[in-house]
There are 2 protein chains.
Amino acid sequence: MSQGNTRVTAQVVHAQACPVREVLDRVAGKWSVLIIVAAAHGPIRFTELERSIEGISRRMLTLTLRNLERDGLLTRTVHATVPPKVEYELTPVARELHASLLGLTDWAERHRVTIAESRAAYDVAHGRGLDAG
Amino acid sequence: MSQGNTRVTAQVVHAQACPVREVLDRVAGKWSVLIIVAAAHGPIRFTELERSIEGISRRMLTLTLRNLERDGLLTRTVHATVPPKVEYELTPVARELHASLLGLTDWAERHRVTIAESRAAYDVAHGRGLDAG
DNA sequence: CCGGATCCCCAAGGATACTG
DNA sequence: CAGTATCCTTGGGGATCCGG
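Just so you know, these numbers come straight off a predicted model, no measurement behind them.

**Overview of the protein's contact with DNA strand C**
- Around DNA strand C, the surrounding shell holds 20 residues, and the nearest of these are Phe46, Thr47, Thr62, Arg76 and Tyr88 of chain A.
- Among the atoms of DNA strand C lying within 4 Å of the protein, the sugar-phosphate backbone contributes 72%.
- Backbone polar atom of Pro84 of chain A to a sugar or linking oxygen of DNA strand C: 3.2 Å apart, as the coordinates give it.
- In the environment of DNA strand C, a phosphate oxygen lies 3.5 Å from a nitrogen or oxygen atom belonging to the backbone of Val86 of chain A.
- Breaking the surface near DNA strand C down by element, the ones donating at least two residues are helix H4 (46-52), helix H5 (58-70) and strand S3 (85-90) of chain A together with helix H4 (58-70) of chain B.
- It is H5 of chain A that provides the largest number of residues to the surface near DNA strand C, a total of four residues.
- Tallied by class, residues from the surface near DNA strand C come to seven nonpolar, five polar and eight charged.

**A closer look at the protein's contact with DNA strand D**
- Inspection of the region around DNA strand D gives 18 residues, with Arg59 and Met60 of chain A together with Thr47, Arg76 and Tyr88 of chain B positioned closest.
- Taking all atoms of DNA strand D within 4 Å of the protein, the share assigned to sugar and phosphate is 64%.
- Arg58 of chain B is positioned such that a nitrogen or oxygen atom in its side chain is 3.0 Å from a base nitrogen of DNA strand D.
- In this structure, Arg76 of chain B approaches DNA strand D through a side-chain N or O atom, which is 2.5 Å from a phosphate oxygen.
- Split into classes, the residues belonging to the surface near DNA strand D amount to seven nonpolar, three polar and eight charged.

**Structural notes on the interface of chain A and chain B**
- At the interface, 53 residues of chain A touch 51 residues of chain B.
- Across the contact surface, chain A and chain B share six salt bridges.
- Here Arg110 of chain A and Glu96 of chain B are joined by a salt bridge, their closest N and O atoms 2.3 Å apart.
- For the interface between chain A and chain B, the tally reads 18 residue pairs in polar contact (both at pLDDT 80 or more).
- When residues in the side of chain A that touches chain B are grouped by element, the largest group, 20 residues, is from helix H6 (residues 92-125) of chain A.
- Among the residues making up the side of chain A that touches chain B, the classes are represented as 24 nonpolar, 11 polar and 18 charged.

**Some remarks on the relation of the copies chain A and chain B**
- For these two chains of identical sequence, chain A goes onto chain B by a turn of 180° and a shift of 0.0 Å along the axis, with RMSD 0.1 Å. These values place the two chain copies in the arrangement generated by a two-fold rotation axis. Taking C-alpha positions as reference, the residue of chain A nearest the rotation axis is Ala28 of chain A, located at 3.0 Å.
- Comparing interface residues between copies, 79% of those in chain A also lie at the interface in chain B; the contact surface is shared.

**Description of the UniProt feature "domain: HTH hxlR-type" (unreviewed entry) in chain A**
- The sites that UniProt annotates as "domain: HTH hxlR-type" (unreviewed entry) are residues 18-116 of chain A.
- Along residues 18-116 of chain A the backbone is 62% helical and 14% strand, and the end-to-end C-alpha distance reaches 30 Å.

**Some remarks on H5 of chain A**
- Relative to the 18 Å expected for 13 residues at 1.5 Å per residue, H5 of chain A spans 18 Å between its end C-alpha atoms, a close match to the ideal helical length.
- Of all the residues in H5 of chain A, the buried ones are Leu61, Thr64, Leu65, Leu68, Glu69 and Arg70 of chain A.
- Next to the buried residues of H5 of chain A lie helix H3 (32-38), H4, strand S2 (74-79) and S3 of chain A together with helix H5 (92-125) of chain B.
- In the segment just after H5 of chain A, Gly72 of chain A is the residue with positive phi, at about 75°.

**Things to note about the environment of Arg45 of chain B**
All names here are of chain B.
- Tracing the backbone through its elements, the reader meets Arg45 in strand S1 (residues 44-45).
- The class for Arg45 is partly exposed, based on a relative accessible area of 29%.
- For Arg45 and Val78, which are 33 residues apart along the polypeptide, the C-alpha to C-alpha distance reads 10.0 Å.
- Setting aside chain neighbours within four positions, we find Arg45 in contact with Pro84, Lys85, Val86 and Glu87.

**Describing the sheet that holds S1 of chain B**
All names here are of chain B.
- Spatial strand order, S1-S3-S2: three strands in an open sheet with antiparallel pairing. Single-partner strands in this sheet number two, and they are S1 and strand S2 (74-79).
- Alignment of S1 against strand S3 (residues 85-90), held across two bridges, turns out to be antiparallel. Residue pairing for S3: Ile44 is matched across the bridge by Tyr88.
- Strand contacts of H4: S2 and S3, with the helix running at about 115° to S2, the strand carrying the most contacts.

Parameters at a glance
Residues numbered from 1 in each chain as written. Chains lettered and ligands numbered in written order. Predicted model: local features only at pLDDT ≥ 70, side-chain atom pairs only at ≥ 80, totals over all residues. Heavy atoms only, no water. Near = heavy atom within 4 Å. Polar contact = N/O pair within 3.5 Å; in protein donor to acceptor, adjacent residues only side chain to side chain. Helix = DSSP H or I, 4+ residues; strand = E, 2+ residues; numbered from the N terminus. Nonpolar A, V, L, I, M, F, W, Y, C, P; charged D, E, K, R; others polar. Contact = heavy atoms within 4.5 Å. Salt bridge = Lys/Arg side-chain N within 4 Å of Asp/Glu carboxyl O. Least-squares fit on C-alpha atoms with pLDDT ≥ 70 in both. UniProt positions renumbered as here; feature names shortened; annotations may be inferred. Expected span 1.5 Å × (residues − 1). Buried < 20%, exposed > 50% of the residue type's maximum accessible area, 1.4 Å probe, protein only. Pairing = 2+ DSSP bridges. Axes fitted to C-alpha atoms, helices over the stretch in contact; angles between N-to-C directions.

What follows is the structure in structure tokens.
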């Protein structure tokens, strides 16, 4: 840390400029978008999210929810009942994001086969076919 | 909005989420989208990409280009001249992706201020203000 | 039920040097 | 000019345990 060489590189400069980067940083996580999709139908509880998003850990669910809440994409409503009940709901901003996302999912569905074929072809053409190692 | 028994139930979001995951996996990288944007204007050379995408390393540029090529999003054209010249160009599929991406960038630009404010408010409300914790 | 705290691993990605 | 190979750091994210 203190080798006398200040390691300030140019990565800081570029970080904020691009709106593309902005949206990606916000959605980059492995789970953010899945949560948004899962919550698109209406308010949803913690455990419901946990069950509906197969494979997500409790930790990541919590972390991602906090992040989305921080960005104003989710509202968190705590019902102070004896069995705790917490509901998450998309904000209008998040709903707009979800709508824009549909364009992407549509693209993915329209081209998933083509892309898969392209990958296979590329792999074959470059040796990395079906053999391991 | 959603009060009153919205029993949509969190049926496994997988059905809807998978295409989302697909596109994310494809775009998850730190640079993929930036390259697509940079190449959106037309064929572009390796070094042109390197210069236009501030902060990218040679290694990551190469790796990401290979991946995009593998997915059929980029074509790579080698001109066997004495000074090597390689041009990358978006495929129609990638152009469609780029178009869909515009919806997201538009969203980002429309709400960047709101989101920033939300973050600031959240951070203030949760102690993590401007101090380094 | 909700979720914070801790430990740990591993893949993404940066720096650098070499090649055709 | 356009890569490739190697080393090393960083932090995302899984597993697990604990607390309200």
